[in-house]
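Spelled out from the first residue to the last, the chains are:
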Amino acid sequence: MSDAHRPPEDRPADSPDERGLRTAIVATARAMGAAGINRGRAGNVSARLARAGCDGFLVTPTGFRYDVMGAGDIVFVAGDGTASGPYRPSSEWRFHRDIYRERPDVAAIVHTHAPFATTLACLDRGIPPFHYMVARAGGRDVRCAPYATFGTQALSDHAVRALEDRRACLLAHHGMIAVGPSLEAALELAIEVETLAEMYWRALQIGEPALLSDAEMAVVLDKFRSYGQARRAD
Ligand SMILES: [Zn+2]
């Protein structure tokens, strides 16, 4: 079917911004597998996009293999939850929508079933301040949101709450979410959270690691903020 005959909402992206974003979402979804933080068809990736003045986001389609996914397979979901594209959006589109709605600082979201993060989440455990790099997720710890069935509004509500003042959270008996100002930042944080989850898991094999104090984590959080500013000024 030529583009001229498709309903407007089903046409492939025509703005350069949207095309670039679609390609970057596919690359990010593939990179999750290459980095070892996601296996098979699990997980999903999205990026915020306003289309024709309508706030929404682009998200990976449901149940798709990332190695055969193309930019044209990515689905646009408007703020009211209306999806447009050749496939249905990820079954987790609700938490993507609600995170974008609640968090103006977020432009991209990565959700994975990363093995170590998910192992902790299956024990209803978050990641406490056992290592200073936990502050990379925006606070003193990475919370674990309570369990709710995948794709439900209840899961989305739990995720939004667990992400308050944070850029990552675990989802009990499910996986993790990392958010950021860009797809690169969200992916980098997802890899960092998985690395921390693995280190914490390893430490737990030997004993219960001592935790850094709230005062020390506040110092680290402050240093991370000024570190970012110093780099931008270079
Ligand atoms: Zn999931």
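Student: Just to check I follow, could you spell out the sheet that holds strand β8 (residues 175–180) for this structure?
Tutor: Remark on secondary structure: sheet strands pair via backbone hydrogen bonds, oriented parallel or antiparallel. Sheet architecture is open: eight strands sit in the order β4-β3-β2-β1-β5-β8-β7-β6, paired in mixed fashion. The sheet terminates laterally at β4 (83–84) and β6 (144–145), the two strands that pair on one side only. Two elements, strand β5 (residues 108–112) and β8, share five bridges in a ladder whose sense is antiparallel. Along β8, the bridge assignment pairs T112 with M176. Running over the sheet, helix α1 (residues 16–34) touches β1 (44–51), β2 (54–59) and β5 and is turned about 170° from β1. The strands touched by helix α5 (residues 183–206) are β1, β5, β7 (168–171) and β8; relative to β8, the strand with the most contacts, the crossing angle is about 140°.

Student: What exactly am I supposed to notice about α5 here?
Tutor: Since there are 3.6 residues in each turn of an α-helix, residues three or four apart along the chain are aligned in direction. Its 24 residues give α5 an end-to-end C-alpha distance of 36 Å, which sits within 8% of 34 Å, the value for a rise of 1.5 Å per residue. Those residues of α5 that sit buried are L183, A186, L187, L189, A190, E192, V193, E194, L196, A197 and Y200.

Student: Would you take a moment to explain the side chain of T28 for this structure?
Tutor: Along the chain, T28 turns up in helix α1. A distance of 2.7 Å separates a polar side-chain atom of T28 from the backbone oxygen of A24. Ignoring any residue separated from it by four or fewer positions in sequence, one finds T28 in contact with V45, V110, L183 and L187.

Student: I keep staring at the coordination of the zinc ion and nothing clicks. Help me out?
Tutor: In ideal tetrahedral geometry, four donors around a metal make angles of 109.5 degrees, whereas ideal octahedral geometry with six donors gives angles of 90 or 180 degrees. Within the protein, the zinc ion binds to H111 (NE2), H113 (NE2) and H174 (NE2); these donor distances fall in the range 2.1 Å. According to the relative accessible area criterion, H113 is partly exposed, its value standing at 32%.

Student: It is not clear to me how the packing of aromatic side chains should be interpreted in this structure. Could you clarify?
Tutor: Remark: the centre distance and the inter-plane angle together describe each pair of aromatic rings, the angle taken between the planes. Throughout the structure, instances matching the rule amount to five aromatic pairs. On the numbers, 4.8 Å between centres and 70° between planes, the contact of F64 with Y87 is edge-to-face. Of the two residues, F64 is situated in the loop between β2 and β3 (75–78) and Y87 in the loop between β4 and α2 (93–102); the sequence distance between them amounts to 23 residues. According to the relative accessible area criterion, F64 is buried, its value standing at 15%.

Calculation rules
The residue count restarts for each chain, going from 1 along the sequence in the order it is written. Given that the model is predicted, a residue must reach a pLDDT of at least 70 before its local features are reported, and side-chain atom pairs must reach 80 or more before they are shown or counted; all residues, however, enter totals for whole chains, interfaces and linings. Values shown for side chains rest on all heavy atoms present in the structure; no hydrogens or waters enter the calculation. We treat two strands as partners when DSSP finds at least two bridges between them. Secondary structure elements follow DSSP: runs of H or I of four or more residues count as helices, runs of E of two or more count as strands, with numbering from the N terminus. Any two residues whose heavy atoms approach within 4.5 Å are treated as being in contact. Every axis in this analysis is a line fitted to C-alpha atoms, fitted for helices over the stretch in contact. Angles between the N-to-C directions lie between 0 and 180 degrees. In this scheme, a helix's expected span is set at 1.5 Å multiplied by one less than its residue total. A simple rule labels every residue: compare its accessible area, found with a 1.4 Å probe on the protein chains alone, to the largest value its type can have, and call it buried under 20%, exposed over 50%, or partly exposed in between. The definition of a polar contact used here is a pair of N or O atoms within 3.5 Å, where within protein one atom must be able to donate a hydrogen and the other to accept one, and adjacent residues in sequence count solely through side-chain atom pairs. Excluding water, the donors of a metal are its N, O and S neighbours within 2.8 Å, or within 3.2 Å for Na, K and Ca, and that exclusion means sites may look incomplete. Only Phe, Tyr and Trp rings take part, Trp by its six-membered ring, and two of them pair if their centres are within 6.5 Å. Stacked means planes under 30 degrees apart, edge-to-face means over 60, and tilted covers everything else.

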